[in-house]
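A closer look at the structure
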Amino acid sequence: MGLLSGKRALIFGVANDRSIAWGIAKAFHSEGAELGFNFLGEALEKRVRPLAESVNAKLILPCDVSKDDQIDAFYKEVAKIWGKFDILVHCVAFANKDELSGAFSNTSRSGFHLALDISAYSLIAITRPAVPLLNEGGSVLTLTYYGSEKVIPNYNVMGVAKAALECSVRYLANDLGTKGIRVNAISAGPIKTLAASGVGGFKTMLKTAGEMTPLRRNVTQDEVGTTATYLSSSWASGVTGEVLYVDAGANIIGMSFDEKKEEGTPAAG
Ligand code: NAD
Ligand code: 0WE
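The notes below deal with the structure included here. (Residues numbered from 1 in each chain as written. Chains lettered and ligands numbered in written order. Predicted model: local features only at pLDDT ≥ 70, side-chain atom pairs only at ≥ 80, totals over all residues. Heavy atoms only, no water.)

1. A closer look at the overall build of the chain
To be explicit about the condition: In DSSP terms, a helix is any run of H or I states spanning at least four residues, a strand is any run of E spanning at least two, and both are numbered starting from the N terminus. Only C-alpha atoms enter the radius of gyration, while the globule expectation follows 2.2 Å times N to the 0.38, with N the number of residues. Exposure classes here rest on a 1.4 Å probe applied to the protein chains alone. A residue is buried below 20% of its type maximum, exposed above 50%, and partly exposed in between. Contact between two residues is taken to exist if any of their heavy atoms lie within 4.5 Å; hydrogens are not considered. All accessibility values rest on the Shrake-Rupley procedure with a 1.4 Å probe; residue burial counts only the protein chains present in the view. Under the convention used here, Asp and Glu are negative, Lys and Arg are positive, and both His and the chain ends fall outside the count. Charge coordinates come from a single atom per side chain, which is NZ of Lys, CZ of Arg, CG of Asp or CD of Glu.
The number of helices and strands found in the chain is eight helices and seven strands. Its C-alpha radius of gyration of 19 Å places the chain within 12% of the 18 Å reference for a compact globule of 269 residues. If one aligns the C-alpha atoms of the chain with their principal axes, the spans along those axes are about 70 × 45 × 35 Å. Here the chain holds 269 residues, and the buried ones make up 46% of them. Look at the contacts in the chain between residues 6 or more apart in sequence, and 73% of them connect residues 24 or more apart. On the chain, roughly 13900 Å² of surface is accessible, and the fraction owed to carbon and sulfur atoms is 55%. Looking at charge distribution, the chain has the averaged site of its 27 positive side-chain charges lying 2 Å from that of its 28 negative ones.

Right, dumping it as structure tokens:
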């Protein structure tokens, strides 16, 4: 018996086999969950459909989370095909590329709206219609990043969007608690995905980040997947409104330097 046997999970945000959402899907599948997926547009359908079919998913439907009519149509189909389900996973973020470099103060009004709409409001937009379909003991999970709490170069408007997302997790957790539904976030360390590879200097950032963590490495999609499985299972039945770090310990570090370099070095060289 798997940890998620008999559970149905709807996963938003698979783009390809490097997606964090796909790491979560693989872990859920290995613990016995039945899976459903969205895809964004025909180009991604070609990538998502074969992946989804490899884990025996039957529910594979289009949904742009910035379009209310698509969200409505999506859940109408979910209600028809599944009726009720247990787990909702939100792995969606987007900002204009030109807002993810240079000065944060140059963030445009329209860029701010877009980033917050797709990366933060969309959690509310896909959770509200899910509520009547979610079973008691259900779980909603989203993905966030440390750039919501501390300044990370170039993360810019996405940091503001993730702060709004994390706060939405707490308010949604309070709303849905009475229905026995939990809402949580995973704050993942940097991982090379499609979204991340669109970022200038990501390779250098990954190397620097990996050297700073207590585990002296970065985390993987699979490690996010196993933590997501725990949070979405009855083993986390007492956990809601939480942001759980899957970052190799990065968030606990206040300052980091190479201690070996200090050995035998005269002070004030
Ligand atoms: P990814 O590119 O694989 O996934 C992002 C997904 O967002 C894609 O599937 C894309 O289709 C989807 N998306 C964008 N706009 C959409 C829209 N309008 N409607 C529907 N879907 C839309 O990248 P990823 O890194 O796996 O990102 C997944 C989540 O993880 C994001 O929330 C991201 O912020 C978060 N995260 C990523 C990292 C990292 O370093 N990769 C670290 C922490 C958190
Ligand atoms: O949340 C993310 C990815 C966010 C993201 C990335 C892109 C690149 C391509 C959102 N929208 C876009 N739009 C594009 O056109 N991460 C946590 C990964 C990430 O992105 C960064 C990071 C890290 C880490 C951007 C700048 C600095 C660090």
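The rest of the description comes next.
2. Quick look at the environment of Ser168
Quick reminder of the rule: Counting of polar contacts relies on pairs of N or O atoms within 3.5 Å, with two restrictions inside protein: one atom must be capable of donating a hydrogen and the other of accepting it, and residues adjacent in sequence are counted only when both atoms are side-chain atoms.
Relative to the helices and strands, Ser168 is located in helix H5 (residues 157-177). Looking at Ser168, the relative accessible area reads 14%, which means it is buried. Among the polar contacts listed, one links the side chain of Ser168 to the backbone oxygen of Ala164, at a separation of 2.7 Å.

3. A closer look at the site of ligand 1
Our working rule: Here a residue counts as near a molecule or strand whenever at least one of its heavy atoms sits within 4 Å of it.
Looking at ligand 1, there are 26 residues lining it, with Ser19, Asp64, Lys162, Ile191 and Thr193 nearest. In this structure, Val92 approaches ligand 1 through a main-chain N or O atom, which is 3.4 Å from an oxygen atom. At the level of secondary structure, the elements contributing two or more residues to the shell around ligand 1 comprise strand S5 (134-144) and helix H6 (194-197).

4. A look at the packing of aromatic side chains
The geometry of an aromatic ring pair is captured by the separation of the ring centres together with the interplanar angle, meaning the angle of the planes. Put simply, the rule is: Between the rings of Phe, Tyr and Trp (Trp by its six-membered ring), a pair exists once the centres lie within 6.5 Å; its type follows the angle of the planes, with under 30 degrees stacked, over 60 edge-to-face, and the other angles tilted.
Per the stated rule, a full pass over the model turns up five aromatic pairs. Measuring from centroid to centroid gives 5.4 Å for Phe74 and Tyr75, while their planes differ by 85 degrees, and the two rings are edge-to-face. Each member of the pair Phe74 and Tyr75 is classed as buried. An aromatic cluster is present here, built from Phe12, Phe74 and Tyr75 joined pairwise through their rings.

5. Topic: the side chain of Thr213
Note that Thr213 resides in the loop between helix H7 (202-212) and helix H8 (221-232). Taking relative accessible area as the criterion, Thr213 reaches 2% and is therefore assigned buried. Dropping the residues within four chain positions of it, Thr213 is found in contact with Asp247, Ala248 and Ala250.

6. Describing the site of ligand 2
Cut-off, in case you're wondering: Note on definitions: the grid is 1 Å and covers protein atoms alone; a cavity is a set of points where a 1.4 Å probe fits but cannot get out; a pocket is an open set with protein on both sides within 12 Å along at least five of seven lines; lining residues have an atom within 4 Å of a point. Think of it this way: if more than half of a molecule's atoms are within 2 Å of a pocket's grid points, that molecule is in the pocket or cavity.
For ligand 2, the full set of nearby residues is Phe94, Ala95, Lys97, Leu100, Tyr145, Pro153, Asn154, Tyr155, Ala195, Val199, Phe202 and Met205. Ala95 is positioned with one of its backbone polar atoms (N or O) 2.8 Å from a nitrogen atom of ligand 2. One of the side-chain N or O atoms of Tyr155 is found 2.8 Å from an oxygen atom in ligand 2. If ligand 2 stood free it would expose 580 Å²; the protein chains cover 88% of that surface. When atoms are counted within 2 Å of each cavity's grid points, the one that captures over half of ligand 2 is the largest pocket.

As far as function goes, none of this settles anything; it's purely spatial.
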